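# Structural description and commentary
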Amino acid sequence: MRFTITLAVAGLSVGSIYALIAVTLNLTFWTTRTVNFGQGAILMLCTMATAVAARSGVPIWLAGTVGILASAFAMVIAERVCVLPASKVGGSMGWAVSTLGFGILIQGIVSKYLGNQAVAFPDVVLDAAQFVDLFGIRIGAQYLVVFAFSLTVIALLDLAIRYTVWGRVVQAVAQDPELTRVFGVPMRRVVVVSFALSGAMAGVAGILTAQIIGTVDPAFGFSLLISGFVASIVGGFGRNWGALLGGLVIGVIEQVVGGYVSTAAGHGVSLAVLMVVLAVRPQGLLGRAEAVKA
Amino acid sequence: MTRIRFLLGAVLCDARFVGLLALAIVAAAPHLSEATRQLISFAVINILIACSINLLTGMAGQISLGQAAFMGIAAYASVLLVKVAGWPFALSVPAGALMAAAAGWILSWPAGRVREFYLAMMTLGFGMIFVEVVREWDSVTGGVMGITGIPSPQLRSLVVFGRTLDTADYLRLLAVIAAAVLFWLSGLNRSRVGRAFFAVHESETAADSIGIDSAMVKRQAYTLSAGLAGLAGALYGHLVSYVGPESFELHRSIEILVMSVIGGLGSLPGQVVGAVALTWLPLQLEVFEDFKFILYGAVLVAIFVVMPRGLAGLLFPPPRMIRPAWRQAAAPPTATTGGSARRVVGRTVLAWTGLRRSFGGLTAVADFSCELAAGEVLGLIGPNGSGKSTTINVLSGLYPPSSGRIELAGADVSGLPPHVVARRGMVRTFQDPRLVGRFTVLENVLLGAHVHARYGALEAGFGIGRIRRDEPAAIARAAGVLTAMGLDDVADRVLETLPYGYRRLVEVARALMVEPDVLLLDEPAAGLSEGEIGRLERAVLDLRAAGVAVLIVDHHMDFLARVVDRVVVLDGGREIFRGAIGAMRDDPKVAECYLGRMETTDARG
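As annotated in an unreviewed UniProt entry, chain B is ABC transporter domain-containing protein from Prosthecodimorpha hirschii. Quoted verbatim from the Subcellular location (unreviewed entry) heading of the UniProt record, the comment on chain B is "Cell membrane".

An unreviewed UniProt entry lists chain A under the name Branched-chain amino acid ABC transporter permease, with Prosthecodimorpha hirschii given as the organism. Quoted verbatim from the Sequence similarities (unreviewed entry) field of the UniProt record, the comment on chain A reads "Belongs to the binding-protein-dependent transport system permease family. LivHM subfamily." In its Subcellular location (unreviewed entry) section, UniProt records this for chain A: "Cell membrane".

## Some points on the overall build of chain B
Regarding its fold elements, chain B presents 26 helices and 12 strands. Out of the 605 residues belonging to chain B, those deemed buried represent 57%. At a minimum sequence separation of 6, the contacts of chain B that also span at least 24 residues come to 77%. Carbon and sulfur atoms make up 60% of the accessible area of chain B, which totals about 24000 Å². Side chains of chain B carry 54 positive and 51 negative charges; the gap between the two charge centres is 5 Å.

## What about the pattern of salt bridges?
Two side chains with opposite charge may pair up if their charged atoms get near one another. All names here are of chain B. Tallied over the full model, the rule gives 25 salt bridges over all chains. Across the pair Glu459 and Arg466 runs a salt bridge, and its minimum N-O distance is 3.0 Å. Here Glu459 falls in the buried class, since its relative accessible area comes to 16%. In this structure, the salt-bridge partner of Glu515 is Arg477, at a minimum N-O distance of 3.4 Å. Of this pair, Glu515 sits in the loop between α22 (500-513) and β9 (518-522) while Arg477 sits in helix α21 (residues 467-484), and the two are 38 residues apart along the sequence. Look at Glu515 and you get partly exposed, because its relative accessible area is 27%. By relative accessible area, Arg477 is classed as partly exposed at 22%. What emerges from the salt-bridge pattern is a single network uniting Arg163, Asp169 and Arg172.

## Thoughts on the interface of chain A and chain B
By a widespread convention, an interface's size corresponds to the accessible area lost as its parts come together. Each side of the interface is counted separately: chain A has 43 residues, and chain B has 40 residues. At the boundary of chain A with chain B, total buried surface from both sides reaches about 3500 Å², with 81% on carbon and sulfur atoms. Summed over the shared surface of chain A and chain B, the result is zero salt bridges. Counting residues per element, the ones that place at least two in the side of chain A that touches chain B are α3 (60-89), α4 (93-113), α9 (220-235) and α11 (263-280) of chain A. Tallying contributions element by element places α4 of chain A first for the side of chain A that touches chain B, with 14 residues.

## Some details on a nonpolar patch on the surface
On the surface, Ile109 and Tyr113 of chain A together with Leu285, Val287 and Phe291 of chain B cluster together into a nonpolar patch covering about 470 Å² of accessible area. Looking at the secondary structure, you find Leu285 of chain B in the loop between α13 (268-284) and α14 (288-306).

## With respect to the state of the cysteines
Applying the stated criterion across every chain, the model contains zero disulfides over all chains. Cys46 of chain A carries a free sulfur, and the closest cysteine sulfur to it, the one in Cys82 of chain A, is 19 Å from it.

## Points about helix α12 (residues 250-263) of chain B
Residues and elements named next belong to chain B. Given a rise of 1.5 Å per residue, 14 residues ought to cover 20 Å, and the 20 Å separating the end C-alpha atoms of α12 matches this to within 8%. Of all 14 residues in α12, 12 are buried; the element is thus mostly enclosed. Gly264 sits one or two positions beyond α12 and adopts a positive phi of about 120°.

## What about the packing of aromatic side chains?
Residues and elements named next belong to chain B. Summed over the entire model, instances satisfying the criterion amount to 22 aromatic pairs over all chains. Centroid distance Tyr236 to Phe248: 6.4 Å. Interplanar angle 80°. Geometry classified as edge-to-face. With Tyr236 in helix α11 (residues 214-240) and Phe248 in the loop between α11 and α12, this pair connects stretches of sequence that are 12 residues apart. Each member of the pair, Tyr236 as well as Phe248, carries the same accessibility label: buried. The ring centre of Phe359 lies 4.6 Å from the NZ or CZ of Arg357, which sits over that ring. Over the ring of Phe430 we find Arg434, and its NZ or CZ is 4.5 Å from the ring centre.

## With respect to the side chain of Gln62 of chain B
Residues and elements named next belong to chain B. Here Gln62 shows up in the loop between α3 (34-59) and α4 (67-83). Among the polar contacts listed, one links the side chain of Gln62 to the backbone oxygen of Ala60, at a separation of 3.1 Å. Not counting chain neighbours up to four residues away, the residues in contact with Gln62 comprise Leu56, Thr57, Leu119, Val200, Glu204, Lys218 and Tyr222.

## Thoughts on the environment of Gly86 of chain B
With respect to the helices and strands, Gly86 of chain B occurs in the loop between α4 and α5 (89-112). Separated by 454 residues in sequence, Gly86 of chain B and Val540 of chain B place their C-alpha atoms 66 Å apart.

## Structural notes on the sheet that holds strand β10 (residues 549-553) of chain B
In a beta sheet, neighbouring strands are held together by backbone hydrogen bonds and run either parallel or antiparallel to one another. All names here are of chain B. The strand order β8-β9-β10-β5-β11-β12 describes an open sheet built from six strands, whose pairing is mixed. The open sheet has two free edges, formed respectively by β8 (426-428) and β12 (574-579), since each of these has just one partner strand. Recorded for the sheet is a direction-independent mean angle of 20° between the axes of neighbouring strands. With respect to the sheet, helix α26 (residues 588-595) is in contact with β5 (377-381), β11 (566-571) and β12, its orientation differing from that of β12 by roughly 130°.

## Some words on the pairing of strand β3 (residues 348-359) of chain B
Residue and element names in this part refer to chain B. Bridge analysis of β3 against strand β4 (residues 362-373) gives eight bridges, and the strand direction is antiparallel. Considered in β4, the bridge of Thr348 is made with Ala373. Linking two consecutive strands that pair antiparallel, namely β3 and β4, is a turn of two residues; a positive phi of about 60° is found at Gly360 within it.

## With respect to the UniProt feature "transmembrane region" (unreviewed entry) in chain B
The UniProt record marks residues 38-56, 68-85, 91-110, 117-135, 170-188, 221-244, 256-281 and 293-316 of chain B with the feature "transmembrane region" (unreviewed entry), using the residue numbering of this structure. Note that residues 221-244 of chain B is 83% helix and 0% strand, and that its end C-alpha atoms are spaced 27 Å apart.

## Concerning the UniProt feature "transmembrane region" (unreviewed entry) in chain A
Residue and element names in this part refer to chain A. This chain's UniProt record puts "transmembrane region" (unreviewed entry) on residues 6-27, 34-54, 60-83, 95-115, 135-161, 190-213 and 268-286. Across residues 6-27, helical content stands at 100% and strand content at 0%; the span's end C-alpha atoms are separated by 32 Å. Across residues 95-115, helical content stands at 90% and strand content at 0%; the span's end C-alpha atoms are separated by 28 Å.

## Notes on the packing of helix α5 (residues 141-163) of chain A against helix α10 (residues 240-260) of chain A
All names here are of chain A. Viewed as axis vectors pointing N to C, α5 and α10 meet at an angle of 165°, and their least axial separation amounts to 11 Å. With respect to each other, α5 and α10 are oriented roughly antiparallel. The two elements α5 and α10 cross, and the hand of that crossing is right-handed. Each of Phe147, Leu151, Ile154, Leu157, Asp158 and Arg162 in α5 lies in contact with α10, whose residues at this interface are Asn240, Trp241, Leu244 and Leu248. By residue class, the composition of the contact of α5 with α10 is seven nonpolar, one polar and two charged.

## Digging into the sheet that holds β4 of chain B
All names here are of chain B. If you walk across this open sheet you meet the four strands as β4-β3-β6-β7, and the pairing is antiparallel. For this open sheet the edge positions go to β4 and β7 (411-412), each flanked by a neighbour on one side alone. Relative to strand β6 (residues 403-408), β3 is paired through five bridges, and the arrangement is antiparallel. Its bridge partner being in β6, Leu350 is matched across the sheet by Leu408. The sheet strands contacting helix α17 (residues 388-395) are β3, β4 and β6, and the helix crosses β3 at an angle near 115°.

Conventions adopted
- Residues numbered from 1 in each chain as written.
- Chains lettered and ligands numbered in written order.
- Predicted model: local features only at pLDDT ≥ 70, side-chain atom pairs only at ≥ 80, totals over all residues.
- Heavy atoms only, no water.
- UniProt positions renumbered as here; feature names shortened; annotations may be inferred.
- Helix = DSSP H or I, 4+ residues; strand = E, 2+ residues; numbered from the N terminus.
- Buried < 20%, exposed > 50% of the residue type's maximum accessible area, 1.4 Å probe, protein only.
- Contact = heavy atoms within 4.5 Å.
- Areas by Shrake-Rupley, 256 points an atom, 1.4 Å probe, with all protein chains shown as cover.
- Lys, Arg positive; Asp, Glu negative; His and termini not counted.
- Charge placed at Lys NZ, Arg CZ, Asp CG, Glu CD.
- Salt bridge = Lys/Arg side-chain N within 4 Å of Asp/Glu carboxyl O.
- Buried area = accessible area lost by both parts, 1.4 Å probe.
- Patch = residues over 30% accessible without salt bridge, like charges linked within 9 Å, V, L, I, M, F, W, Y side chains within 5 Å.
- Disulfide = S-S within 2.5 Å.
- Expected span 1.5 Å × (residues − 1).
- Phe/Tyr/Trp six-rings, centres within 6.5 Å; stacked < 30°, edge-to-face > 60°.
- Lys NZ or Arg CZ within 6 Å of the ring centre and 35° of its normal.
- Polar contact = N/O pair within 3.5 Å; in protein donor to acceptor, adjacent residues only side chain to side chain.
- Pairing = 2+ DSSP bridges.
- Axes fitted to C-alpha atoms, helices over the stretch in contact; angles between N-to-C directions.
- Parallel < 35°, antiparallel > 145°, perpendicular 65-115°, else oblique.
- Left-handed = near helix turned anticlockwise from the far one by under 90°.
- Nonpolar A, V, L, I, M, F, W, Y, C, P; charged D, E, K, R; others polar.

This is the structure:
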């Protein structure tokens, strides 16, 4: 029982990161109806850049800022190079393939020039050896901090979406891009800001993950992205609270199965959940089916 | 330049050239160096894999990010059958390919329910699950260590029919198999099977509307594609004498996709070029390995914008979808819109009663009843949003009715899927013509003959059996319809190069190829010139004479006045008028719905 609770707490913690990644996918989905298949490389880029900068003596807060800016910038490029031209091609195959390619490109560049080896990630707030006592169960303090931090970021974004001018425009674009354009909203700017923000938040998710894992390598983002997909799909694409629910559920399932069977089995189960939910209820547990338009 | 391209395309796409090349490899195999044999062997296997993803992604439009898993399933299956069960190689390879095909068929069920990027995620997930399973199930698959010591030509341990194969023999075998597969695919692509793949790629709704069961077509594409990838995978496993999970991971699936898009999605010779280039380059350029993923990434980012048709777009003329041999075998056309004598003019063929369709709180069509007789042309008119298109969408099966009953030739068809409704004899067109842009006019029109042909993938590929009768007959019929519609001079023009008006007429011609008893035309005259309207008019009157029932939704009153027998006017989803078009013009209710309520002049009030 204690073991299960420990695993569940770890699961909630990593699940909150999955939710955060899913929310960054939502940001681009709302504004352009696209999902970045290269998001894993974006968050790897931030984390790698932070780790490498910190290793060479840059203070951690500065290194983190540089990393987050790098991933935000990479997303702006991705929008310009992959998403914008593909919208003229039509269909989703164009942007799905080109964003996937963008991720492979970044991963290729990083492993070529920063090396293929795992880099140790510095502790930002707490180190992994610190524990807190919760109802007699020792729980890594790191997990709690990560959980609180990702939830805060998600909540802040949700508030921004609800109560800022930018957020309302994003909501409007998500509802009806054509109409929003007609009203004279500077769409390009809204889209670019959303992508930059998506990249920055993905970077934060990467740093949080690296806090738990302790190291980062060029291949680090991909399985995280898949988990982000699972969180999105389970909760219903484009829904922040759905993403949170989906992320937490998947995080707990993955950790519990991972703890009792094997890590690979944990991962396999979350992939199986992805397939099953896609097949049975593509709109997600909380989503509503989109009406087919002739 | 165009001439060179044409010649190059004609030579490379010719079955005789491929056969000669295979023969040359068979003859030269023993004289080649070991390294060259291996290079060609890998190239041939890559050609098979590129062709497999081309079938699914290039032709049928279903993106696959897990193609390597199909290879892996067959490779493990074949290798285990040989090593553990003691099967002969000659049986284990086809068995492995069949198991991959079965996996493709199974995957096609959940995959058929999702589209667009959800499908990309699903195939990604499928590919990753396969690798996880292989890693974990180490009692069978050897886990991350893989399986070694597989009977192979390199170890001189592969015995087939009592003969020990060396690498030259294996290369010969590969060349013969690949030539046979390419021959089969070139026939398949230029048949109703290949054309249906492209039709589903372009629009599933449009494919269903002419009776092509798009769900079944997709299942067929998955099964054939997975089987082909499996064949390549099984042959690969025995070639290298080792299988391990890392050979079938995501990066392999990406590599397969890159080969196919560089070669040119949808083009068969393009696949050969892409596969050969990506096999040969890494061996020639030492630095390639270092920059491999940077290059792959860059290719995937840029290809759809810079070179959407890949190398094939530069090297070859666009692929055509009809085999010249069938065209030569076709009888000379007789101009006809496809009316057959079995229809009894005047008998009711379509009747709907109490038809109702609502979307959430909005009722688009309410309690609408009407009937159509064979040889009758009915105009359905009304202002925008009055429920005309919804009526067509419900009748054709695109939306199930919220309530009400639709009877076609006496049988209830309400709630049946669109392709079944089309096969029962009711076909519709769309407001925005949904045709395959890269097809010629004739190829588009031939899509309408899909339901009348019976031949399958095997007959189509090898040009045997029923295709020898069905395909020339369909071509002759299509030519007849085009002549009747006045489109015969543009029969071989690529559709996307034609003006809009032509596309509408082509869509009507394609619907006629299904030989419907009831034809539903959704704004057929919109955007047509007067001359084109004249052709449309003649076609409609021809159909009426042949006993076809036609329902036309349109705003063009002069056109309607010349063709319809009577009209029904809808407003807010309800019928407000039924009768002759002349009487409609004087009807106060109709005038009111178009022009607004006339205030009764009452100066005293």
